[in-house]
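# Results of the structural survey
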Amino acid sequence: MTTAETAPPPPMRLRELVFGAACAAAVRAAARLGVADALGDEPKPVEDLAASVKTEPKPLRRLLRALSCYGVFAEHPDGTFAHTDMSRLLREDDPNSLRAIALWCTEPWTWDAWPRLDEAVRTGDNVVESLYGKEFFTYLNEDAPESADVFNQAMTRSSEQSAREVAALLDLSGADSVADCGGGQGHVVACLLDKYPTMRGSLLDLPRVVENALPRLRTGDLADRAEIVPGDVRASVPVKADVYVIKNILEWDDESTARLLGNVTAAGGPGTRVIVIENLVDDTPSMRFSTAMDLLLLLNVGGAKHTTESMVGRLTSAGLVVDDIRPVNPYLHAFECHVAG
């Protein structure tokens, strides 16, 4: 692993950085080819891997050699390749798989948008609408359905992985009901209902999203305690609950964020608990990832990740009192709030 003592000098490091697209493209190629799934627990010759994923051996070796420089796969002296902790995350069956996220962050539209980052920085506006003539999610659903599917897969996998940690962190003892605003397919709600067997839960999100809510919430073992509410939480929050959860959706423009928070405070009323969970761009272990996502949000929707200070500012402006800020994991923080009386 590179250390301060062994790191390349600045001219070479800058050369490496400007070739960052090659690394991203290599990860995407390995994910699309299914190389990680084809490689088992034992090292394998590249010829065998090539036969499994239907590629030519020589270019596959070049791809794996490039990735091994970053710790994604490892090349042994005998020419075989083996898994590393990172390459296993590209397996579809790994419980912590990041394959869908790797594909989402390298979808075709990203290669159109990144070269125009200077334009977005200059104007403060997203570039997707000028590229495609449509708002980002409209473009995805109407013109790039495969990319929309990748987005849904990535968000689902990410929600699955973080929902358990969120439920473990939150103490909702004494609350009879919880509402997850923009809660996707309902992983957080399901985990909270599992933790609190007498609690009722509401899942609020766009109609096309909640159509694919977890079967447990729709017709399964949690259906009698779950309410699924289709709609846009930026327009209204038509649910009264003891606790509102807002996770990873306060990344829109300031007006949309303010409208959502206003809708929640109006629905809950004074004293209601509101828990906001977000990635931050403060000095955390996820800084490189979070700041990159921050720039991507600027490009596609004109949104932004928050610092602790900016998040507290948004929350207090909406009439919330911030009681506590706690890490969920190295990448997420929970802001415990209540509606001011």
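Above this text sits the structure in question.
As a starting point, this report considers the structure included with it. (Residues numbered from 1 in each chain as written. Predicted model: local features only at pLDDT ≥ 70, side-chain atom pairs only at ≥ 80, totals over all residues. Heavy atoms only, no water.)

## Overview of the pairing of strand S4 (residues 200–205)
Within a regular strand, the side chains alternate between the two sheet faces. Judged by how many residues are buried, S4 sits mostly within the fold: five of six residues are covered. Sheet analysis places strand S3 (residues 177–181) next to S4, joined by five bridges and oriented parallel. Pairing of Asp180 across the sheet is with Leu203, part of S4. Of the crossover connections in this fold, the one passing from S3 over helix H13 (residues 187–195) to the parallel S4 is right-handed. Relative to strand S5 (residues 226–230), S4 runs parallel, the two sharing five bridges. Pairing of Leu204 across the sheet is with Val229, part of S5. (Buried < 20%, exposed > 50% of the residue type's maximum accessible area, 1.4 Å probe, protein only. Helix = DSSP H or I, 4+ residues; strand = E, 2+ residues; numbered from the N terminus. Pairing = 2+ DSSP bridges. Right-handed = clockwise from strand over helix to strand, strands pointing away.)

## Description of the packing of aromatic side chains
The description of an aromatic ring pair uses the distance of the two centres, along with the angle that the planes make with each other. The final tally for this structure, using the stated rule, is seven aromatic pairs. Taking 6.2 Å as the distance between ring centres and 55 degrees as the angle between the ring planes, the aromatic pair formed by Trp104 and Phe136 counts as tilted. Residue Trp104 is located in helix H7 (residues 99–104), and its partner Phe136 is located in helix H11 (residues 136–143); the two are separated by 32 residues in the primary sequence. On the accessibility criterion, Phe136 (2% relative accessible area) is buried. Centre to centre, the rings of Trp109 and Phe136 are 4.7 Å apart; their planes meet at 65 degrees, and the pair counts as edge-to-face. Here Trp109, found in helix H8 (residues 108–113), pairs with Phe136, found in helix H11; they are 27 residues apart in sequence, far enough to count as distant. One aromatic cluster is present, formed by Trp104, Trp109, Phe136, Phe137 and Phe151 through successive ring pairs. Over the face of the ring belonging to Trp252 we find Arg234, whose NZ or CZ atom lies 4.6 Å from the ring centre. (Phe/Tyr/Trp six-rings, centres within 6.5 Å; stacked < 30°, edge-to-face > 60°. Lys NZ or Arg CZ within 6 Å of the ring centre and 35° of its normal.)

## Here's the deal with the layout of surface pockets
In this structure, the second largest pocket occupies an estimated 220 Å³ of space. In terms of lining residues, the second largest pocket is bounded by 14 residues, among which Arg28, Glu107, Pro108, Glu146 and Ser147 are the most central. At the level of elements, helix H2 (20–33), H7, H8 and helix H12 (145–169) are the ones that each hand at least two residues to the lining of the second largest pocket. Split by residue class, the lining of the second largest pocket holds seven nonpolar, one polar and six charged. (1 Å grid on protein atoms, 1.4 Å probe; cavity = no way out; pocket = protein on both sides within 12 Å on 5 of 7 lines; lining within 4 Å. Points joined across faces, edges and corners; volume = space filled by probe spheres on them. Nonpolar A, V, L, I, M, F, W, Y, C, P; charged D, E, K, R; others polar.)

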